[in-house]
Structure formats: C-alpha cells, structure tokens
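Residue-level structural notes
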Amino acid sequence: MSFVDIAHLTKRFGGHTAVNEVSFQVPQGSTLALLGPSGCGKTTILRCLAGLETPDGGRIEIGGKTVFDRASATDLMPEKRELGIVFQSYAVWPHMTVAENVAFPLKVRGVGAKERLAKASAMLETVGLKGFENRSATLVSGGQQQRIALARALVHEPRLVLFDEALSNLDAALREHMRLELRLLQERLGFTAIYVTHDQAEAFGLADTVVLMNQGRIETAGPARAVFARPATGFVARFFGLNVLEARMIGPVAGTDQVEVALNEQFTLRGIAGDGLDMTKGKPVLACVRKESVRAGTSPLPGSLPGTIEAVSFQGVAEEYIVAVHGISLRAIQPAAGFRRGDAVHVGMTPEDWIVLP
Amino acid sequence: METSRQGRWLQVVLPASGVAVGVLLITGPFLATVLRSIAVWDGEAVRLSLDNFIRLLGDPRFATAALNTLIAGGCTTVLAMTLGFTLAWLVARTDMPGRSWFETGNLIPFFLSPYVGALSWIYLLAPHGGLLPWVARTYLGIKLDWLNIYSIPGVIWVLTLFYTPYVYLFVIGPLRQMDAAFEDAARVHGASFGYTMRHITLPLVLPALLSAALIVFVTSAGLFDVPLALGSPRGIRFMPTEIFSLVQYPSDFGRAAAFGMVVLTLTVLLTMLQRRFIANRRFDTITGKGYRPRLIHLRRGARIAALTLEAFYVGGAVVLPTMALLMVAFSKLWMGHFMWKSATTGNFEYVLTKYDLTRTAIGNSLFLAVTGATLGVGLAVLQAYYLTRGNPRRRGLVDALLSLPLGIPGIILGLGFLIIGLRTPLYSTLTIILIAYIARFFPFATRTVTAMFLAINPELEQSARASGASWLQTMRLVVLPLLKPSLVAAWLMLFVIFIRELGATILLYAQGTETISVAMVILSERSSGYVAALAVVQLVMLLLAFATFRLTRTSIAQG
C-alpha cells in the first residue's frame, strides 16, 4: 500500500524543465531517498510535495488524499498537507526559544499552551535536547539546531516527514551519528520519510528505496542494495564512482550471461551484460568496474594482466592508485600496499566484477 | 629610514585628523548651544542659570509646538512604516507587474525636496484654488473643499510621502535576503499565509523596521521644510518653526538654545537607545545558507490592490506634485488650474536671467553642493579608514560619536553654528553654511564609504605594501579605485541633500548667500510662478543626480 504516490510530475522554471514526468511510490512507514547531483530536480520534487512549488503537470497523493492534481486543478496549500519538514539551513526561528520553535506546529493547530509545552518537551527529550526548552534558538550549535528542526518536524506526529539535505551542514562524525539515530527514531515513530541528498552514503544509510535523478528524470530506482550492486546506466555507474570505460562489443559468451568487449586492440575482457544491451559486434558500450574490484599485486594470479602504477594517493587505511593496463588507466582502491609511481604490477579482475552497459 | 617614518606618520595622522574634524564639527555647535542655553546676561555680567529652560517650559506655545511635533512625527512614523514595509514587500517578494519600475519609483521621493513637495501639495490641495478640488468639482461634481493641506494632517501626509522611502530602504534588504526556509517551515508545519506573515516574517524584519522607525521619527519631527510651508501660514506651531521664529526679530537666542537642548537631549537619547537595543540584534541570523524566497503569485484582486497602492504612492509623492509644479511654473497667474491661454515661459526667464536673487541663489547652491560634497566625501574616506583599519579599541565610541548628527535636526545644528558665528567674520558667509552642511551630513557619506571599506579585504592593501608601495601610493592606486563606487554614491547623496537643504540654511543665510531653497521661501510671499519655476530648476538638478546614481549603480552591479 503506497502512502505517497507521485505520477507524471513535471515542473518547469522558465524554459528549463526541472522535473520531467517523474513517477514513484513510497510505501507507508518506509523511507525513500532522492539522490542525485545538484540541479537534478530532487529538491524541486520535495518542494512540490510540500506545496512550496506549484507543479506544471502530474498528480501527487499523500495518504490517499490528492494534494495536487493538474487535471482537476487541485492544489492544497502547504499548511493543509499535514507534513513535517527539515531544511538544510534548519530554519530554526531566531526570535523564538527552543520550546517555542518546537511547539509551533501545535500552536497553529490550536493545542493549549500546557499540552503543547509538554509535547514539545517530550519531543526535545526524544532528540536528546532535554532541558533546552528556554534557550534562545540562536545560541545553540549547528547540530543542536538540526535536532530542534527535527523535533519541530515530528512534534505534531505527521505521517510524512521531508528532509531537504538535512544532514549536509553537519560535520562528518555528527552526520554519521544522526544517520543512525534518525533510522531508529523512524522505526520507533513509524512515519514515512523522504530524504533529498547528494551524498550516496547518506542515501544508502537512511533509505529503503533510492531514486537516482539526472536532469529532471529518474535514472534508476529500487532497493538501496540493488541500485548500488547493479548500476543500471553509465550515469549511475559514474555517480557511484565506478571506472567507466568506453569499449566495443565483441559478442556474447556462449552459455553465460557475460559478453566480451574490447577496450582497445590489446585489451579485451569479459563482463556481465547489463539490461537492454545491444550485443551486435562493434557496437559502442561502456565497461564498468568498481575501484575496489581492481586489485594490483606483486605476483601474477590466474587471469591477471601486467600493469604500471601511474599515480598514488595515500588515504590512510586505503590507498588509491591509477594503474595503466594496455594503455588504459584504471582507478583502484585497496589496503595500502606501498606501491610507487612506475612500479610494475599485476592487475587482477574477474568477469563477475565487470558490468557492460549500453 | 626617514621616509618610512614619514609614511607611518601620515598613515596615523591623516585618518585621525579626519575623525578630529568630525568631532569638532559636532561638539562645536553642541557646546555653543549648551552654553547659550544656560548663560544669562545681566547687563554686562554673564551668569549661569536655568532661567531659559524655566521660561521655555512655562510657555504654553512650547507645549503646543512640542505636542504638534510629537503627533506629526508619531503619525508619520506609523504611516511610513506601514507604507514602506508594504511597498518593499510587494517589490521584493511578489510578482507584481512593473516591479523593476516601482523599485526605482518608490525611491524617487528620497531624492526630492520636502519643501517643494509641500509647496506642490499646496497647489494641489489649497482650500481655495487647489488643483484637485477643482478637478473633482469640474469633472466629477464632488466637493473636496473640506480637504485642507494647511493642517496637522496635511503636514503628516507630506511627511509620510517623503519618509516612506527610508523604511522601504531599511526593510527591502532583509526581505530579499531572508532565508526563505523560515517562512516555508512555518507553512509546512501548518501556519497560514497571514499567520506566517505576523509570526515569522514581521518579527524577523522587526529590528530593521524599528531602526527605520526611530530614524523616521527623529528626522521627520525635526524637519523644518514642511511645517514652514503648511503650518506657519495658519499659525500652527511646530518645534522647528518655533525655533526659527525665536531667532527672528525680536530674537530670543537663550530660549531658542534651551529649546534646542531639549530636542538634542531627546534625539541623542533615542539614538543611543537604538544603538543599544536594536542595532545590536544580529541581522545575519536571518540570512545566510538558505535559499532565496520565491516570488509570491498575486491573484487578480491582490494585483489590482497592489498596483493601486503603488499608483497612490508614486502618484502622490512624485507624479501629481511634479505635474502641479510644472503647471504653476508655466502659468502667468495660477488660478488653481492650468489654462493654455495664459501659458508662459516668462517665470523661467525671470528666475534664470533677470532676477538677481534667484541667479545668485542658483550659483550659491551649486557651489555649496559641489564643494560640500567633495569635502564631505574626503572627510568620509579618512573617517572610514579610521573606523575600519585604525585602532580597534576606540572604534565603537568614535563610530557612535560620528553618527550623532544623523538624528540632529538641521535647524538645531544651524542654531549652534549661528551662535558660534554671530560675532566672528564667518557670520553671513557661504563658508559657515558650507561648514554647517558638512557637519550635519558627513555621517551619511562616512556610512556609505565605511560599508564599502568593510567589503575590501585588507590583504589587498597588505599585498600592495608588500610589493613596495608606500601608504599613500596604496591609498591612491589600490584603495581609492576600489572605493570608487561608494565615493560616487556618497558624493551624489551629499550633492542632493545640499541642493535642497533648508533647515540649517534658513538660520545662516544673509543677503548674497541665499540658496535655491531660501530663495523659494523668500519668493513664496510674492509669486507662486517664480517659486515654481525655481523649484523646477532645483527638481531638474535633483533628478539628474538621481539618474546618475541609478546609472552608476546599475553599471556597478553589472560589472
């Protein structure tokens, strides 16, 4: 049973189409992350959901209620949609105390002063800000403001909560901590959540379903693990940081789901065929492999190829190399092995790690 | 060695001398007024007493003038706040048609002369022979004779037209730069548009609004021009006109100085309150990382209401007064409406070529405006350098001190300089008027230049010094070119203010040192045609300055 249902959503700004015929559903109580580079339209979708932008086409249903429908000219005001929202800038009102900020959604709903203070306090305790009620909202840290914004978005028990790059302004450690806490909180309170983020770790950490956007369209959507494990397009592969190399199709390998492709005259390899792949010989295709799946070593292994280290970037536990194999530069990440520029190595890759995409 | 020491000496002494001149310009007339208010002459002997204050406070005319001034200032403040906020909100946050035109149009009154504005509204709404009642009677059959511009509401009306842009300028920035998420968060969490406006938008711009309110109250209450034109003819007393008449024959300088002291004390107190409580509230908490507000779509009814309000304001403050002024200026005899058969350019020929008073006045005004603006900007650069690059310990105090004239009525500063100048060769010279102008208005220039200075990274200067440039070379080759936009803006602003100044001039002029505004006051008792023609000449100067201001600002924004 889907709780949020977006169908053919379109939004234009002048001549630019920010969101182009986007449709997806979010089941009740689950979380969805809208992921993509900046300008891909993910924030616009969120703002259309909240009623802060008026779409140019399509339909939005929240909890069985149509909040926007171009065809029947339905467009509910933001305050009629019964949502919670957390902004990137937190938008904690500087002229109110912490408690006044959190109690605001209750105040506008006519809840009495005593009850709303009790509820605000309880919610503050939930987000770990017990005792902050009477502080000035501007005199707390960024992480605390984020929690205030979160408490405010949850206090009136909305069934859908929207997060617009809500964790981006936090430092790395706090961000990871909040990610886990949000997950726990959501399981406890049972709200449906939609996150907008440009950070894949955040999307995977928070969401059951990931929708990857590109230029106003959905590039790929599905369970977080599936989207990550089998990139659907070259864009997805590049976004997730895979090696994406131009290649020419040689043909399918009989009896397997693999194909053989050529990166250049000398360098041919086998990989798993992606969906919709044209296997005609000579077709241009993309051969993709995760950096972690390219292994450089000192001794030859079955199927390994000779290579040369071109560049080294030390990253602590791991080390990233650029390694040239038959004149093709591949990026590899592996536990620090101490290679230097110019070292001759053996590069091991298995066909299961390569994905060939149209 | 020798030259480097000299360089360091210049770097310290030049900015400090700019500050010293500023402090002298403020404390001189202030001390003169204090002394004159408590000094009482018994024959040849001078003693100190509070007699002047006692006589002043016991005078029912003082009470009337004070009350009328407070009423006019208070009502003007409330009306200008309402109008200024609404117009700023419409321009900054809605899709009102013609926004970019109104953005300029709403600012024009800021550059016009309130005295001419009041005169124009006399032509428009005098109880007998006003243009608007004539139009209403002739074309609409409505009697408007009950509208009388010579009244306290008349004064409030004209003051409101002229002070609305102050509020507008103060709040349009915060309204534009406010993080839209503040309002969006309120809407999503259940607040209606109106509730969000009252509980989020208004409180967030409140510091800006209160600052504007204070400045509007202090300056509108202290403005001499409008009460002179609209109050004095019917004997309605206001503070500035009362001080003016105390200095006229038979003059009572002691009482005038005491009056001035009362006003000064109030002004300084209010300004300090503003600095203490309002200016300290951080504006930057409402701007920053968020995103710009999207424009609110006005539906048909709201769009019509918005355009009506704009037409009402720009019409009332700019279009109607200018029309009336032109009609009167081109009429042989003004009978309350324009007649083609009595149209003439004679008034212009007279004031521009034939009449000595007006020719002298135009020359004097141009001299004062050009010299004064140039000196004022020079002073401002030195002070701004001190305030942004100098010794940080005394900056706050110096800044507070140098901002004081912002609220001091021109007539009271004029009184101070009159008291100083009375028995010196400066008396009845253009020089003392020039000094008074700079003393009253240099803070405007200092503010503008300081804001620009703050935007210049000191490393730019340090790089020049490290590359081997002396302090003077750095100033000339790096700092001044970077400051240029603000110097142009400050110069034009001072030029405009000086071309139209009346409150200080009226006390300091003598035969031969009249300015355009003074000549209009003198002529107003003789011929409205000459006054209007002179006002048109002044209007042309002001509008040219305004056009230059807009053009240079646009080119800066684009480059």
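Residues numbered from 1 in each chain as written. Chains lettered and ligands numbered in written order. Predicted model: local features only at pLDDT ≥ 70, side-chain atom pairs only at ≥ 80, totals over all residues.

Right, let's talk about unusual backbone geometry for a bit. With the exception of glycine, the majority of residues adopt a negative phi angle, and the majority of peptide bonds are in the trans configuration. Residue and element names in this part refer to chain A. Although it is not a glycine, H8 adopts a positive phi angle of roughly 50 degrees. With respect to the helices and strands, H8 occurs in strand 1 (residues 2-13). Residues other than glycine seldom take positive phi values, yet E157 does so here, at roughly 50 degrees. (Helix = DSSP H or I, 4+ residues; strand = E, 2+ residues; numbered from the N terminus.)

With that settled, consider helix 1 (residues 42-50) of chain A. The element helix 1 of chain A is largely enclosed, with a buried count of 9 among its 9 residues. G51(A) sits one or two positions beyond helix 1 of chain A and adopts a positive phi of about 85 degrees. (Buried ≥ 20, exposed ≤ 12 C-beta atoms within 10 Å, placed from the backbone.)

Across chain B, the average pLDDT comes to 88, with 95% of residues at or above 70. Below pLDDT 50 for its whole length, residues 554-559 of chain B participates in 1 contact with residues either more than four positions away or in separate chains. (pLDDT = per-residue confidence, 0-100. Contact = placed C-beta atoms within 7 Å.)

Right, let's get into the pairing of strand 2 (residues 16-27) of chain A. Residue and element names in this part refer to chain A. Sheet topology note: the strand 1/strand 2 ladder contains 8 bridges and is antiparallel. Note on strand 2: the bridge partner recorded for I6 is F24. Following strand 1, the chain reverses through 2 residues before pairing antiparallel with strand 2; G14 in that reversal takes a positive phi of roughly 60 degrees. (Pairing = 2+ DSSP bridges.)

Residue and element names in this part refer to chain A. Along the chain, Q186 falls in helix 5 (residues 172-189). The exposure class of Q186 is partly exposed, given the 18 C-beta atoms found within 10 Å. The spacing of Q186 and E310 is 124 residues in sequence and 46 Å in space, taken between C-alpha atoms.

So, on to the interface of chain A and chain B. Counting from both sides, the interface comprises 22 residues of chain A and, opposite them, 21 residues of chain B. Elements that contribute at least two residues to the side of chain A that touches chain B include exactly strand 7 (83-86) and helix 2 (98-108) of chain A. Taken together, the residues that form the side of chain A that touches chain B break down as 12 nonpolar, 7 polar and 3 charged. (Nonpolar A, V, L, I, M, F, W, Y, C, P; charged D, E, K, R; others polar.)

Quick look at the nonpolar core now. With 280 residues, the main nonpolar core has V171(B), A212(B) and L494(B) as its most contacted residues. With residues near it in sequence (within four places) discarded, A212(B) still touches M81(B), G84(B), Y166(B), V167(B), F170(B) and V171(B). (Core = buried A, V, L, I, M, F, W, Y, C linked by C-beta atoms within 7 Å.)

Residue and element names in this part refer to chain A. Read across the open sheet, the 5 strands follow the order 16-20-17-18-19; overall the sheet is antiparallel. In this open sheet, the two strands that pair with only one neighbour each are strand 16 (295-297) and strand 19 (328-335). Along the sheet, successive strands turn relative to each other by an average axial angle of 45 degrees, direction set aside. Examined bridge by bridge, strand 18 (residues 318-325) and strand 19 share 8 bridges and lie antiparallel to one another. Looking at the pairing, Y321 lines up with A332 of strand 19. (Axes fitted to C-alpha atoms, helices over the stretch in contact; angles between N-to-C directions.)

What follows is about the pairing of strand 7 of chain A. For a regular strand, the rule is simple: side chains alternate between the two faces of the sheet. All names here are of chain A. Because side chains alternate across strand 7, one face comprises the buried residues L83 and I85, and the other comprises G84 and V86, equally buried. As judged from the 4 bridges shared by strand 7 and strand 8 (residues 160-164), these two strands associate in the parallel manner. Counterpart to V86 in the pairing with strand 8 is F163.

Residues and elements named next belong to chain B. Their axes nearest at 10 Å, the elements helix 17 (residues 410-421) and helix 18 (residues 430-455) cross at an angle of 140 degrees. Here helix 17 is positioned oblique relative to helix 18, judged by the angle of their axes. Remark: the crossing between helix 17 and helix 18 carries right-handed chirality. On helix 18, the residues that touch G410, L413, G414, F417 and G421 of helix 17 are I432, I435, A436, A439 and R440. By residue class, the composition of the contact of helix 17 with helix 18 is 6 nonpolar, 3 polar and 1 charged. (Parallel < 35°, antiparallel > 145°, perpendicular 65-115°, else oblique. Left-handed = near helix turned anticlockwise from the far one by under 90°.)

A few words on helix 2 of chain A. With 8 of its 11 residues buried, helix 2 of chain A lies for the most part within the structure. By the burial criterion, the buried members of helix 2 of chain A are V98(A), A99(A), N101(A), V102(A), A103(A), F104(A), P105(A) and L106(A). Tucked inside the fold, the buried residues of helix 2 of chain A contact helix 3 (113-126) and helix 4 (142-154) of chain A together with helix 8 (181-188) of chain B. Count one or two residues on from helix 2 of chain A and you reach G110(A), which has phi positive near 80 degrees.

Turning to the environment of W471(B), a few remarks are in order. Mapped onto the secondary structure, W471(B) falls in helix 20 (residues 471-500). Taking the C-beta count within 10 Å as the criterion, W471(B) has 20 such neighbours and is therefore assigned buried.

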